[in-house]
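# Structural description and commentary
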Amino acid sequence: MLEMRPICERCAADLPADAPGAFICSFECTFCAECADALDERCPNCGGELLDRPTRLGEAPPQKPGGGRRH
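Source: prediction; values computed, not measured. (Residues numbered from 1 in each chain as written. Predicted model: local features only at pLDDT ≥ 70, side-chain atom pairs only at ≥ 80, totals over all residues. Heavy atoms only, no water.)

Counting across every chain of the model gives two salt bridges. A salt bridge links Arg 5 to Glu 3; the nearest nitrogen and oxygen atoms lie 3.2 Å apart. For Arg 5, a relative accessible area of 23% gives the class partly exposed. For Glu 3, a relative accessible area of 41% puts it in the partly exposed group. Arg 5 is the partner of Glu 9 in a salt bridge, and the nearest nitrogen-oxygen pair spans 3.0 Å. The exposure class assigned to Glu 9 is partly exposed, which follows from its relative accessible area of 37%. Linked by salt bridges that have partners in common, Glu 3, Arg 5 and Glu 9 make up one network. (Salt bridge = Lys/Arg side-chain N within 4 Å of Asp/Glu carboxyl O. Buried < 20%, exposed > 50% of the residue type's maximum accessible area, 1.4 Å probe, protein only.)

If you want it as C-alpha cells, here you go:
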C-alpha cells in the first residue's frame, strides 16, 4: 500500500492524505507542489520523477484490493 507521508520533506508543509497537492517519486519521497516545482519535478533523494500523489478517502480496506490475483 502507498505510504501517505503527512509532510513535505523539504519545507515540512502539511500534506493530508485526503487533500491534493502532494507529489511523490517511485520511492514515495513526498513533496508539496511548490517544492516539487522548485525541484523541477525531480526527487533530490533518488533523481526520480515527482508525480501527483493520489488522494486517499476514508479508511484503508482490510486487504489490498486485488491482492493475490496476478495476470
